[in-house]
Amino acid sequence: MGETEKRIETHRIRCLSKLKMFLLAITCAYVSKTLSGSYMNSMLTQIERQFNIPTSLVGFINGSFEIGNLLLIIFVSYFGTKLHRPIMIGVGCVVMGLGCFLQSLPHFLMDRYEYESTVSVSGNLSSNSFLCMENRTQSFKPTEDPSECVKEVKSLMWVYVLVGNIIRGIGETPIMPLGISYIEDFAKSENSPLYIGFIETGAIIGPLIGLSLASFCANVYVDTGSVNTDDLTITPTDTRWVGAWWFGFLVCAGVNVLTAIPFFVLPKTLPKEGLEDIAETVKNDKEEKQSEVRKKRVGITKDFLPFMKSLLCNPVYMLFILISVLQFNAFVNMISFMPKYLEQHYGKSASDAIFLIGIYNLPPICIGYIVGGLIMKKFKITVIQAAHIGCWLSLIEYLLYFLCFLMICDNSSVAGITTSYERVPQDLHVENVILADCNMDCNCPTKIWDPVCGNDGLSYMSACLAGCETSSGTGINMVFQNCSCIQTPGNSSAVLGLCDKGQDCSMMLQYFLILSVVSSFIYSLSAIPGYMVLLRCIKPEEKSLGVGLHAFCTRVLAGIPAPIYFGALVDSTCLHWGTLKCGESGACRIYDSTNFRYIYLGLPAALRGSSYIPAFLILIILRKHRLPEENASSETMLEAKFTGKENEGKETDQNSKVLNDDELKTKL
């Protein structure tokens, strides 16, 4: 007898360790996929400047990940459960690595990055030709030589980034639906929320590493090693600066390939966690094999349409999808363009903006996921209670969100764009008056963006437009003197770069970040209960397809279109576009901060506000269908109610006093 018990215990420990091994592996896969995704989102402004493309096109490149995901998500979600799920996840990780490598290729195939500048070392200009000099010919006219313009074809290299992102999306497809369904199938139902909480924590650790990597890369010049950085006339805070975006993609490629290895040694199926009796385990395994054989004989697609019909007729499930689409539209926009918002509105560099996002937002989200999972496990929250927790916590966070509208900074004061040379604010919606009496005779370029900050606290588009006549120093330490447009007592001077936004703006940024900490924690608390509503309102055999269809809808209706239309709206707030060699428009150099703020904060607020209508409908439906004798087994009854098994659900409820939750799921 002792020998038998020992054998059973050894078998149980072995099965338990395999489930824990899968949990660790899938968490690492979440880390790698979110590492790549967060890095890509953080590098959008660098890619925009590298290829001199508008924000709307950058949004399309970002949304291309969802296009790749969309190509396979439903079929992987359905057929994946009938194949070897761990191996499919491993193959997906390898494909993601290939996509990341492809995204880095343009750097090795194109020439060195050249930014527009009147004082560029590579400009072949005489020592003082960029200063205010009367009665001279225009030295800054963009070239019209066809042989030079042909080089601009390099801007099409962004197609490599686009295709690489699509491939990365294809590789990511099996990880979420197959990983979650594997955990749901073989873990105890009361442990499932905690396990998913750990997985979602991995989905936060990944972005934390990704943002740290992005912050480092954004602070390193794109062509470092091949150019002398001491000769650069720009700093990381300049809107023409491009960081080493390509390096991070190589790191992501390596990490994705490494995380694939454990999945190739994991089994296709496991015994249900908590089964003590080895005989029961063997019996379940035999029944599973027999069921699989029967399915193969009848045909693998026989129940696909019935499953789809069942899901589409499930009111709670369909309303949850509507909520997700609206919320995803809001959050995709906020996450994708948050670095740009911090750069433009608060005057931070891309590196600092990315670092601040990682430090202030990700830790509270990580803690919120774990706490939410522990609450679900400890108190054995039912689906109705989970729906209420998710809805009301999300609503509290939404109301706090409106405080962001109070944390504002003024537009950067740039003479000829946001203000006149006499410091009178200009109407931003009329044609800018770049020239003034003080620089009319300087014959300056009016399109080239090479800003300087005068000692009067006002920024100018270039040293020439500031009326500066002499200069000293080299590189970023260059100082301009005798500037006729700078109205200060004594010697007027200017230095390279825009003027700082000031101490008041720095304080507003601190308030904004503190509010984001509180909001992130509250919202993440509601994430796990909300996800449990999705998982528990559908049949067990439909979970994988249900999760996949949910992901499909959010990608089609949010992940793909949101960055494109939001990028186009951001482009509409641009005040000055960069200029390429042949005179064509490049990336935007400065935005109208006020309108940018209204779009960045206002549109997500409207989208999220509308999502609470279907959320309240879900609460009403759940309350209406709740039975009087509902107890800890209410999840089962609701599952039966919304999946057409009312009689079976009632029978289950009557026996709930003697059956635990695992037995209820088996009965269903």
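Residues numbered from 1 in each chain as written. Predicted model: local features only at pLDDT ≥ 70, side-chain atom pairs only at ≥ 80, totals over all residues. Heavy atoms only, no water.

### Looking at the packing of helix H14 (residues 383–401) against helix H19 (residues 612–624)
Keep this limit in mind: A fitted line through C-alpha atoms represents every axis, and for helices the fit uses only the stretch in contact; the resulting angles, taken between N-to-C directions, go from 0 to 180 degrees. By the criteria applied, helices consist of DSSP H or I runs no shorter than four residues and strands consist of E runs no shorter than two, each listed in order from the N terminus. Roughly parallel means an angle under 35 degrees; roughly antiparallel means over 145; roughly perpendicular covers 65 to 115; every other angle is labelled oblique. With the far helix as reference, a near helix turned anticlockwise by less than a right angle produces a left-handed crossing, and one turned clockwise produces a right-handed crossing. What makes two residues a contact is simply this: any of their non-hydrogen atoms within 4.5 Å. By the convention adopted, Pro, Cys, Tyr, Trp, Phe, Met, Ile, Leu, Val and Ala count as nonpolar, Lys, Arg, Asp and Glu as charged, and the other residues, Gly among them, as polar.
Interhelical geometry of H14 versus H19 gives an angle of 155° and a closest axis separation of 10 Å. Regarding the angle of H14 to H19, the classification is roughly antiparallel. Here the hand of the crossing between H14 and H19 comes out left-handed. Listed contacts from H19 to Val 383, Ile 384, Ala 387, His 388, Cys 391, Trp 392, Ser 394, Leu 395 and Tyr 398 of H14 are Tyr 612, Ala 615, Phe 616, Leu 619 and Leu 622. Within the contact of H14 with H19, the residues separate by chemical class into 12 nonpolar, two polar and no charged.

### Digging into the state of the cysteines
Rules: Here, the term disulfide refers to a pair of cysteine sulfur atoms separated by no more than 2.5 Å. Residue exposure (1.4 Å probe, protein chains only): buried if accessible area is under 20% of the type maximum, exposed if over 50%, otherwise partly exposed.
A full pass over the atoms with the stated rule returns six disulfides. Between the sulfur atoms of Cys 409 and its disulfide partner Cys 505 the distance amounts to 2.0 Å. Measuring the twist about the S-S bond at about 110°, one finds the Cys 409-Cys 505 disulfide to be right-handed. Taken as a pair, Cys 409 in the loop between H14 and strand S1 (452–454) and Cys 505 in helix H15 (residues 503–536) lie far apart in primary sequence, 96 residues in all. As far as burial versus exposure is concerned, Cys 409 and Cys 505 are alike and both buried.

### Structural notes on the packing of aromatic side chains
Note the cut-off: Here the aromatic set is Phe, Tyr and Trp, taking the six-membered ring for Trp, and pairing holds for ring centres within 6.5 Å; pairs whose planes are under 30 degrees apart are stacked, those over 60 apart are edge-to-face, and all others are tilted. Two thresholds decide whether a charge sits over a ring: the Lys NZ or Arg CZ must be within 6 Å of the ring centre and within 35 degrees of the ring normal.
Per the counting criterion, the structure on display carries 25 aromatic pairs. Each ring, one from Tyr 113 and one from Tyr 115, has its centre 6.4 Å from the other, and the planes form 40°; the classification is tilted. Each of the two residues, Tyr 113 as well as Tyr 115, counts as buried. Their ring planes at 90° and their centres at 5.9 Å tell us that Tyr 341 and Tyr 346 sit as a pair that is edge-to-face. An aromatic cluster is present here, built from Phe 337, Tyr 341, Tyr 346, Phe 512, Phe 566, Tyr 591, Phe 596 and Tyr 600 joined pairwise through their rings. Over the face of the ring belonging to Tyr 30 we find Lys 33, whose NZ or CZ atom lies 4.7 Å from the ring centre.

### Quick word on unusual backbone geometry
Its identity as a non-glycine residue notwithstanding, Asn 443 has a phi of 55°, on the positive side. Looking at where Asn 443 falls in the secondary structure, it is placed in the loop between H14 and S1.

### Digging into the sheet that holds S1
Rules: Pairing between two strands is assigned when DSSP locates at least 2 bridges connecting them.
Pairing is antiparallel in the open sheet, where five strands are placed in the order S2-S1-S5-S4-S3. Of all the strands in the sheet, just strand S2 (459–460) and strand S3 (470–472) have a single pairing partner and so form its edges. Both S1 and strand S5 (residues 493–496) contribute to a ladder of three bridges, which runs antiparallel. Bridge assignment links Gly 454 to a residue of S5, and that residue is Ala 494.

### Observations regarding the pairing of strand S6 (residues 574–579)
The element S6 is extensively covered by neighbouring structure, given that five of its six residues are classed as buried. Relative to strand S7 (residues 585–591), S6 is paired through four bridges, and the arrangement is antiparallel. Among the inter-strand pairings, Thr 579 is bridged to a residue of S7, identified as Ser 585.

### Things to note about the environment of Ser 524
Note on placement: Ser 524 falls in helix H15. Setting aside chain neighbours within four positions, we find Ser 524 in contact with Pro 364, Ile 365, Gly 368 and Tyr 369.

### Quick word on the nonpolar core
Heads up, the rule is: By nonpolar core we mean a set of buried residues, namely Ala, Val, Leu, Ile, Met, Phe, Trp, Tyr and Cys, connected to one another through side-chain atoms within 4.5 Å.
Ranked by size, the top nonpolar core spans 138 residues in total, and within it Ile 26, Phe 51, Phe 263, Tyr 346, Phe 512 and Tyr 600 carry the most contacts. Broken down by element, the residue count for this core peaks at 13 residues, all from helix H12 (residues 315–346). Setting aside chain neighbours within four positions, we find Phe 263 in contact with Phe 22, Ala 25, Ile 26, Ala 29, Pro 86, Ile 87, Ile 89, Gly 90 and Cys 93. Judged by nonpolar contacts, the second largest core, of 30 residues, contains Phe 480, Cys 485, Ile 486 and Leu 575.

### Looking at helix H18 (residues 593–610)
The following threshold applies: Helix span, expected: 1.5 Å multiplied by one less than the number of residues in the helix.
The end-to-end C-alpha separation of H18 is 26 Å, in line with the 26 Å expected for 18 residues at 1.5 Å each. Lining the buried residues of H18 we find H12, H14, H15, helix H17 (561–571), S7 and H19.

### Thoughts on the packing of helix H4 (residues 85–109) against helix H7 (residues 175–186)
Closest axis-to-axis distance for the H4/H7 pair is 9 Å, and the angle between their directions is 155°. Here H4 is positioned roughly antiparallel relative to H7, judged by the angle of their axes. As for how H4 packs across H7, the hand of that crossing is left-handed. Facing H4, whose interface residues are Arg 85, Pro 86, Met 88, Ile 89, Cys 93 and Met 96, H7 presents Ile 175, Leu 178, Gly 179, Ser 181, Tyr 182, Asp 185 and Phe 186. Grouping the amino acids of the contact of H4 with H7 by side-chain chemistry returns nine nonpolar, two polar and two charged.

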